[in-house]
Amino acid sequence: MRIECLSDVVRIGTRVLAGAGLLLTANGCLATRSWVGDQLKPITGQQEQLETQMNSLHLERKLVLDSSQGPTFKTGSAALSPNAKREIDAFVGDMEGQTGSSGPAAASDRVFVVAGYTDSVGHEAYNYDLGQRRATSVAGYLVGNKGLDPTQVRVVSYGASKPVADNSTANGRRSNRRVEILVYQEKIATGT
C-alpha cells in the first residue's frame, strides 16, 4: 500500500512537471512571437512607406536589354557586352533629350528600377543570383558611366520566375535572359 501511494505521488509529480514545462514552453513561444513582432515593426513601416512612394510614381520609360539587338551577356556571365552599353547609352541619351537638359540633373526626380531575369536552365538559386548580378552590373554602369545618383537606382532579381517566352525553345530562353530598366517619375497632382 505504501508503494502504491508512492507510485501515485510520482505519477502526479511527473504530470505537474510536464504541465509546468508545457506552460513555460508556451509562454516562451508567446514571448518569442511578441519579440519577433516588435523586431518587424520598423521593417513593416518601411515597407508601407515604400509602397506609398511607389504608388505616387508612374512608369515613364522602359528598356529591355535582351539578345534581340545582339548579345548583351555571355552565357552565365554578368559582364555587359559592348552592344548592351550602346543600348543603355542610347536609352539615357534619349531621356536627356526629352527633358531638354543633360547629365544627372535631368534624372533627379526619377527612380530607376533595374530588374534581372534568366531562363529556366539551371538551379533556381543560381538563376536568382545570376539575375541579381546582371541587374547590379547594369545599375553600376548607370551610376558609374552615366552619372545617375545611386540613391535613385534600385536593383531586383526575378531569376527565372517571370518568363516572357516559352523556356522549352532556344528562342524563348534567349528572350527570357534579359535585364529591364524601368524609369519611374513622380505623378503630377492635378487639381480637379
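Look up a bit, the structure's there.
Residues numbered from 1 in each chain as written. Predicted model: local features only at pLDDT ≥ 70, side-chain atom pairs only at ≥ 80, totals over all residues. Heavy atoms only, no water.

### Let's talk about the overall build of the protein chain
Of the regular secondary structure elements, the protein chain holds 4 helices and 4 strands. Counting helices and strands in the order they occur from the N terminus, the protein chain gives α-β-α-β-α-β-α-β. In the protein chain, which comprises 192 residues, the share counted as buried stands at 29%. The long-range share in the protein chain, meaning contacts at least 24 apart out of those at least 6 apart in sequence, stands at 72%. (Helix = DSSP H or I, 4+ residues; strand = E, 2+ residues; numbered from the N terminus. Buried < 20%, exposed > 50% of the residue type's maximum accessible area, 1.4 Å probe, protein only. Contact = heavy atoms within 4.5 Å.)

### Section: the nonpolar core
Judged by nonpolar contacts, the single largest core of 21 residues is most densely connected at I88, V114, V138, L142 and I181. Mapped onto this core, the elements with two or more residues apiece are strand 1 (57-65), helix 2 (82-99), strand 2 (110-117), helix 3 (124-144) and strand 4 (178-186). With sequence-adjacent residues up to four places away left out, V114 is seen in contact with A135, V138, A139, L142, V153, R154, V155, V156, V179 and E180. If you look at the next biggest cluster of nonpolar residues, it comprises 5 residues, including L57, V113, L182 and Y184. (Core = buried A, V, L, I, M, F, W, Y, C linked by side-chain atoms within 4.5 Å.)

### Side note on the pattern of salt bridges
A complete count under the given rule lists 6 salt bridges for this structure. For the salt bridge of R110 with E60, the shortest nitrogen-to-oxygen distance reads 2.7 Å. Pair noted here: R110 is in strand 2 and E60 is in strand 1, with a separation of 50 residues, a long-range link. Here E60 falls in the partly exposed class, since its relative accessible area comes to 24%. The closest approach of N and O atoms between K146 and D89, which form a salt bridge, is 3.3 Å. Taken as a pair, K146 in the loop between helix 3 and strand 3 (153-159) and D89 in helix 2 lie far apart in primary sequence, 57 residues in all. For K146, a relative accessible area of 22% gives the class partly exposed. What makes D89 partly exposed here is its relative accessible area of 30%. Shared partners join several salt bridges into a network, and the residues in it are K62, R178 and E180. (Salt bridge = Lys/Arg side-chain N within 4 Å of Asp/Glu carboxyl O.)

### Observations concerning the pairing of strand 3
Note that strand 2 and strand 3 share 6 bridges and pair parallel. Residue pairing across strands places V113 opposite R154, the latter belonging to strand 3. In this fold, the crossover linking strand 2 to strand 3 by way of helix 3 has right-handed handedness. (Pairing = 2+ DSSP bridges. Right-handed = clockwise from strand over helix to strand, strands pointing away.)

### Observations concerning helix 3
Over its 21 residues, helix 3 runs 30 Å from end to end, which matches the ideal 30 Å to within 8%, given 1.5 Å per residue. For helix 3, every residue scored as buried is listed here: N127, L130, G131, R134, A135, V138, A139, Y141 and L142. (Expected span 1.5 Å × (residues − 1).)

### Some words on the sheet that holds strand 3
Strand pairing in a sheet is mediated by backbone hydrogen bonds. Such pairs are either parallel or antiparallel. Judged by pairing direction, the sheet is mixed, and its 4 strands sit side by side in the order 1-4-2-3 without closing on themselves. Both outer strands of the open sheet, strand 1 and strand 3, are each paired with one neighbouring strand and no more. Neighbour-to-neighbour, the strand axes of the sheet open up by a mean angle of 20°, direction not taken into account. In this sheet, strand 4 lies alongside strand 2 in antiparallel orientation, the contact comprising 8 bridges. If you follow V113 over to strand 4, its bridge partner there is L182. (Axes fitted to C-alpha atoms, helices over the stretch in contact; angles between N-to-C directions.)

### A word on the environment of G93
Topologically, G93 is positioned in helix 2. Judged by its relative accessible area of 34%, G93 is partly exposed. Between the alpha carbons of G93 and K146 there is a distance of 9.3 Å; along the sequence they are 53 residues apart.

### Examining the pairing of strand 2
Where burial is concerned, most of strand 2 is hidden: 8 out of the 8 residues are buried. Residue alternation in strand 2 divides its side chains into two sets, R110, F112, V114 and G116 and V111, V113, A115 and Y117, and both sets are buried.

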